Amino acid sequence: MTSSRRHLEPLKEWLIERFIWLCGVSAIFFVFAIFVFVFREGAEYFFNGFKAGEFFSSIEWYPTSRTHVRYGALALITGTFSVSFLSMFIAVPFGLGAAVFISEFCPPRLKEGLKIVIELLAAIPSVVWGFIGLTIMNSLIVQLFNAPLGLNMLNGAIILALMSVPIIVSIGEDALKAVPDSYREAALALGCTRWQMVFRVLLPAARNGLLAAVLLGIGRAVGETMAVLMATGHSIRIPRGVLEPVRTLTATIAAELGEAPVHSEHYQVLFIIGILLFTITFVINITADLIVRGIGKK
Amino acid sequence: MFEATDQTRRKQRQEKAIQYLLTAMTTIIVLPLLLIIFYLLYKAAPILSLEFLFENPIHGMRAGGIWAPLLGTIYLVLISLLIATPVGIFAAIYLNEYSRESWMTRVINLAVVNLAGVPSIVHALFGLGAFVLFAGIGRSILAASLTLAIMTLPVIIASTKESLAAVPHSFREACWNVGATRWQTIRHVVLPNSISGILTGVILQVSRAAGETAPVMFTGAVFFKAIQTGDPFAYGLLDQCMALSMHLFTISTQVPDVPEALTYGTAVVLLGVVLLFNALAIFLRVKLRGKKKW
Amino acid sequence: MVDQPVKIEVRDLHLFYRQHEALKGISFTIFPNEIFGIIGPAQSGKTSLLRAINRTLEFTPGTRYSGSITVDGQEVGKVRNVYELRRKIGMVAPLPVGLPMTIYDNVAFAPRMGGMRQKGEIDATVEQCLRQAALWDEVKDRLHTLGTNLSGGQQQRLTIARALSHQPEILCLDEFSIAIDPVSTMRIEEVLKTLRQQMTIILVTNLVQQARRLADRTMFLFEGKIIEVDRSEVIFSNKPAQQKTYDYVNGIFG
C-alpha cells in the first residue's frame, strides 16, 4: 500500500462504519415510518370528526350508508378478540404440550423430524390457510356440528390455532431448553417422575419464556388477515356462539379498502383501525420482550 | 425393600398416561399438515400439468392456467429480495459485529421484532400510504416489492445474525492482531464463513414474500391483467401485476363458478412453491453444518 | 541509561475493566532488540497490558486506561493510523488460532490486506515467514490445505508466521506455550532466539523457567503492580531486590 493510501485507511474504515450503522438503525426507522405513514392517511379525520366513543362502543358499522354513516367498531373488536382468544384456547395447551414433548420426552431422532414438520407448518401462507378454512374446515364443521354455515368463529379459531401453534412450540421449546439441566437432575434425584419434574420444576422455571411464547402467539392471531377474512364469514355483529360468523378488524380493512375512495372518511377510518392494530401488536411485542428480559435479571 | 409400592405403581401409570397425552397432542398438531397436503393434491390432481403453469387464466379466470400470477409473484419475490438482502445483511453485521451492549442496541432489536410482528394488513396500509401515494410510485411492482422487502427484512436479519455469531471470536482477534480493519475482517473472514446462514435467510425470505397477499393486494397486485404467455419480461417495474397469492384469494372468493380443481390447483402450486423453498433452506442448513472449515 | 534508545515506554498506567482496576499505576521501559520477559500469576493484568499496547483492548467493552504508553516515542492512543500500529506489532495469543483458510492464505492474509498483489512476491513472503517460524519443512507440500487442520503446536508456529508476514518491529507472545506440546515449545523458543536480532520481543509467560531461558530483562507483575523489573540474572538469582520475587520464582506461591 502506498503511503497516501495508508493515511486514508482510518477514514475509509470510518465511512464504512457509518454506512453499516445506518443499516443497523434502519429497523427503527422502518417501524417509525410505518406508524407515521399509516397515521398520516387517517390523521385528518382522526382530528376532525372522528368519534372515538362511537367507535369503541357501538356495533353499528355502516360506512357506506347513504343516509346515516356510522363507524361503530365494537363488533369488529369483539370479532378480533373472540376469534383470537378462542384460537389461543386451542393453541396454547396443544402448543405447550408439544413443546414439552419435543423438549423432554421425545427420542432424539424423532426430534429433528418433528421440528422440521413444525417449521413447515409455520411456513404455510395465510391465504392458503384461508383457503383451507373456506373449503376443508367449512365442510368439516357443517358436517360435525350440523351448522347452517361453516364460515364462522370456530372455523377461524381452528385455522388461527394451527397457524399460531408453531410459534408457541418453537419459542416454548427454546424457553424449556434454557432451563439448566441441573434443575432436571435435582428433581429426578429427589424421586420425581418425569412428568412431576416437568410440571413442578421446569414449567415454573421457564415461566417467563413460555408466557412470552403465548403472547407472541396472541400477537400473531390478532394480526392475521387473509385467513380470517376467508374463514370467519361476513357478519358484523357480536357473536352469541362459536358457530356464528364474525368479522375481525383486519378482515374489515382488507375487505373494504378497495372500495373506499382514496382519502374519503371511510378510507381514513380504515387507516385508523390500522393504527389500532399496530398499537395492539406493538404493546404485545414490548410486553413479551420485557417478560423475557425478566429472565436475564435472575 | 425395593418392591414397587402402590404409590410407585400409580406414579408410573400417571407418567405413562401423561406421556401418551403429550404424544397425542403433538400428533394432532403434526397430522393436519400431512392430511392437508394430501387432500389438496387429491382435489387438484385433474388440473395439475405443465400447461397449467404456463397458460394464462381465461374465461374470466374460470379456466386456463396461472402463468400471469406466477410470473408476477416471481417478479415481486426477486425485486423484494434484491432490496431486502443487502440492507438485512448489513443490519445484522452492525448488530453482531459493531454494536455494544447499550439501550440503542436493545431498541434496534425491539424494532426488528416489532417489524416482524406488524400485521400484514398494516404493512399493506404502510405501503399504500408511503410508496403508492407519498412517494408517488403508484400501484406497481416496485411499490409492492418495497413493501414486501420491509416486511421480510427481519427474516434476513435473524438468519444472518445467527450465522455471524457462529463464527468463533478468535478468528476476528487473529485478524485484528495482524492489522486488518474491522471491515476487512468481516469481508474476508467472517462473511465468507457465514454464507450458509445468509443463504438460509434469503430462501426463507423468498418463501415468505411469495406467500403474502395483503401487502401486495393494495400496492401493486391486481385482479386481472392480460400479458403474453411465455414472455418472461412481460411486466415492467411500474406496471401492476397479478400475484399467485392474490389469485388464489380472487378465484376462491371473488369469482363465482370457478371449477374446484382450478382453485385447489392454484393452492397446491402456491403451497408447493413455499414448502419447496423452506425444505431447501432446511436441507441447506443440515448439509452445510458438516462442511465447516473449523 | 538515559540516552539509550527506548522502544516502548509505559508510564503510570492504570487499566480498568469496568470497575475493577487490573493495572494499578505501572511504569517500565523496553529497549530495542531485547527479549523482555513478563512473569506473574494469572489475573495479574499481563494480557491486558499487551492488548493495551497494540490497542486491541478497545475491542473489549468496558475497558479503559489512564497513563501513557508510547511506542517509538509515539503515544499509542494518538497515532494517526491504528492499523499501522498493529502491523508494527506482532501478537501471538495463548490459544493457537488457524484462520479458516489454507496455510498459504493464512500467511498471505496480512500482506494482501496491505496491498501486495504479485504472486511471486506473495510466494516469497509466505515461504520466508514459514521458514522463520520453523514450520516450512512440515507444511511445504500442503500449503493449500486448511490451516485449521494443523496441530496446536503447528498452529502456534503458523500464528508466528502470520505475525512475521507484516514485518513487525515488536513481537508479543502471550503465554504462547500453554496449549501446545513441549517439543513445539522448544522449537518456538529457538525461533525467538533467532528473531531477537531483527525485533524487540515481549514474552509474557507463567513458566518461570521459560523466562529464565530466554529473557534478557524480566518484569515480575503481581496483582496489577510491578514488584520488580531488572536484568534476568538478578531476578532469577538468589538475591533479587524483592522477597516476593524470590518466593514466586522458586514456586513458594503462585
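Source: prediction; values computed, not measured.

Conventions used here
- Residues numbered from 1 in each chain as written.
- Chains lettered and ligands numbered in written order.
- Predicted model: local features only at pLDDT ≥ 70, side-chain atom pairs only at ≥ 80, totals over all residues.
- Helix = DSSP H or I, 4+ residues; strand = E, 2+ residues; numbered from the N terminus.
- Rg over C-alpha atoms; globule rule 2.2 N^0.38 Å.
- Buried ≥ 20, exposed ≤ 12 C-beta atoms within 10 Å, placed from the backbone.
- Contact = placed C-beta atoms within 7 Å.
- Pairing = 2+ DSSP bridges.
- Axes fitted to C-alpha atoms, helices over the stretch in contact; angles between N-to-C directions.
- Domains from an automatic or database assignment.
- Nonpolar A, V, L, I, M, F, W, Y, C, P; charged D, E, K, R; others polar.
- pLDDT = per-residue confidence, 0-100.
- Core = buried A, V, L, I, M, F, W, Y, C linked by C-beta atoms within 7 Å.
- Parallel < 35°, antiparallel > 145°, perpendicular 65-115°, else oblique.
- Left-handed = near helix turned anticlockwise from the far one by under 90°.
- Expected span 1.5 Å × (residues − 1).
- Bend = angle between axes of the 7 residues up to and from the residue.

## Examining the overall build of chain B
If you tally the helices and strands in chain B, you get 12 helices and two strands. For chain B, the succession of helices and strands along the chain, N to C, is α-α-β-β-α-α-α-α-α-α-α-α-α-α. For 294 residues, the compact-globule formula gives about 19 Å, and the C-alpha radius of gyration of chain B, at 24 Å, lies well above that figure. Taking the principal axes of the C-alpha coordinates as reference, chain B spans close to 80 × 70 × 35 Å. The proportion of buried residues among the 294 residues of chain B is 54%. In chain B, of all internal contacts separated by at least 6 residues, the share reaching a separation of at least 24 is 77%.

## Quick look at the sheet that holds strand β3 (residues 35-39) of chain C
Residue and element names in this part refer to chain C. An order of β6-β7-β8-β3-β9-β10 is seen for the six strands of this open sheet, with the pairing classed as mixed. Whereas interior strands pair on both sides, the edge strands pair on one side only; in this sheet they are β6 (89-92) and β10 (225-231). Neighbouring strand axes in the sheet, compared pairwise and without regard to direction, differ in orientation by 15 degrees on average. Where β6 meets strand β7 (residues 170-174), four bridges bridge the pair, whose relative direction is parallel.

## Points about the domain arrangement of chain B
All names here are of chain B. The domain boundaries assigned to chain B delineate domain 1 (6-47) and domain 2 (50-289). Spacing between the C-alpha centres of domain 1 and domain 2 amounts to 33 Å. On the domain 2 side, the residues contacting the six residues of domain 1 number nine residues. Its residues assigned to classes, the side of domain 1 that touches domain 2 comprises five nonpolar, no polar and one charged.

## Observations regarding the interface of chain A and chain B
With 65 residues of chain A at the contact, the number on the chain B side is 66 residues. For the side of chain A that touches chain B, the element with the most residues is helix α1 (residues 3-47) of chain A, which contributes 20 residues. A breakdown of the residues in the side of chain A that touches chain B according to their chemical character gives 45 nonpolar, 12 polar and eight charged.

## Observations regarding the confidence of the model for chain B
The share of residues in chain B with pLDDT of 70 or more is 99%, and the mean pLDDT across the chain is 89. Taken together, the chains of this predicted complex give a pTM of 0.89 and an interface ipTM of 0.92.

## What about the nonpolar core?
Where a protein is soluble and globular, its nonpolar side chains tend to be buried together. In terms of nonpolar packing, the biggest core is built from 264 residues, with Ile159 and Ile168 of chain A together with Ile202 and Leu203 of chain C touching the most fellow members. With 17 residues, the single largest contributor to this core is helix α3 (residues 67-98) of chain B. When we break this core down by domain, the ones giving at least three residues each are domain 1 (6-47) and domain 2 (50-289) of chain B. Excluding residues within four positions of it along the chain, isoleucine 168 of chain A makes contact with Ala91, Val92, Gly95, Leu96, Ala99, Ala213, Val214 and Gly217 of chain A.

## So, the packing of helix α6 (residues 152-164) of chain C against helix α7 (residues 182-195) of chain C
Residues and elements named next belong to chain C. Where α6 meets α7, the closest approach of the two axes is 9 Å, and the angle between their N-to-C directions is 20 degrees. The angle between the axes of α6 and α7 places the two elements in the roughly parallel class. Between α6 and α7 lies a crossing whose hand is right-handed. Where α6 abuts α7, its residues Gly153, Gln156, Arg157 and Ile160 lie against Ser184, Ile188 and Val191. Classifying every residue of the contact of α6 with α7 gives three nonpolar, three polar and one charged.

## Brief notes about the interface of chain B and chain C
The interface is formed by 17 residues belonging to chain B together with 21 residues belonging to chain C. Elements with a minimum of two residues in the side of chain B that touches chain C: α7 (169-177) and α8 (182-190) of chain B. Among the residues forming the side of chain B that touches chain C, the class breakdown is seven nonpolar, six polar and four charged.

## Points about the environment of leucine 275 of chain B
Tracing the sequence through the fold places leucine 275 of chain B in helix α12 (residues 260-289). Considering only alpha carbons, one finds leucine 275 of chain B and serine 207 of chain B, 68 residues apart in sequence, at a separation of 7.7 Å. When neighbours within four sequence positions are excluded, leucine 275 of chain B is seen to be in contact with Leu120 and Ala123 of chain A.

## Regarding the sheet that holds strand β5 (residues 74-75) of chain C
Residue and element names in this part refer to chain C. One open sheet accounts for four strands, arranged β2-β1-β4-β5; its pairing is antiparallel. The open sheet has two edge strands, β2 (20-30) and β5, and neither has a second partner. Where strand β4 (residues 63-71) meets β5, two bridges bridge the pair, whose relative direction is antiparallel. When the bridges of β5 are listed, valine 71 appears paired with glutamine 74.

## Section: helix α5 (residues 126-145) of chain A
All names here are of chain A. Between its first and last C-alpha atoms α5 spans 25 Å; for 20 residues at 1.5 Å apiece the expected length is 28 Å, and the helix comes up short by more than 12%. Of all the bends found along α5, the most pronounced is centred on methionine 137 and spans about 40 degrees. The positive-phi residue at the C-terminal boundary of α5 is asparagine 146, with phi of around 55 degrees.

## Describing the packing of helix α6 (residues 153-177) of chain A against helix α9 (residues 207-223) of chain A
The description of two packed helices rests on the angle between their axes and on the distance between the axes. Residues and elements named next belong to chain A. α9 packs onto α6 with a crossing angle of 155 degrees between their chain directions and a minimal axis gap of 8 Å. Taken together, the axes of α6 and α9 are roughly antiparallel relative to one another. Taken as a pair, α6 and α9 cross one another with a handedness that is right-handed. Touching Leu160, Met163, Ser164, Ile167, Ile168, Ile171, Gly172, Asp174 and Ala175 of α6 are Gly209, Leu210, Ala212, Ala213, Val214, Leu216, Gly217, Arg220 and Ala221, all from α9. Looking at side-chain class alone, the contact of α6 with α9 contains 12 nonpolar, four polar and two charged residues.

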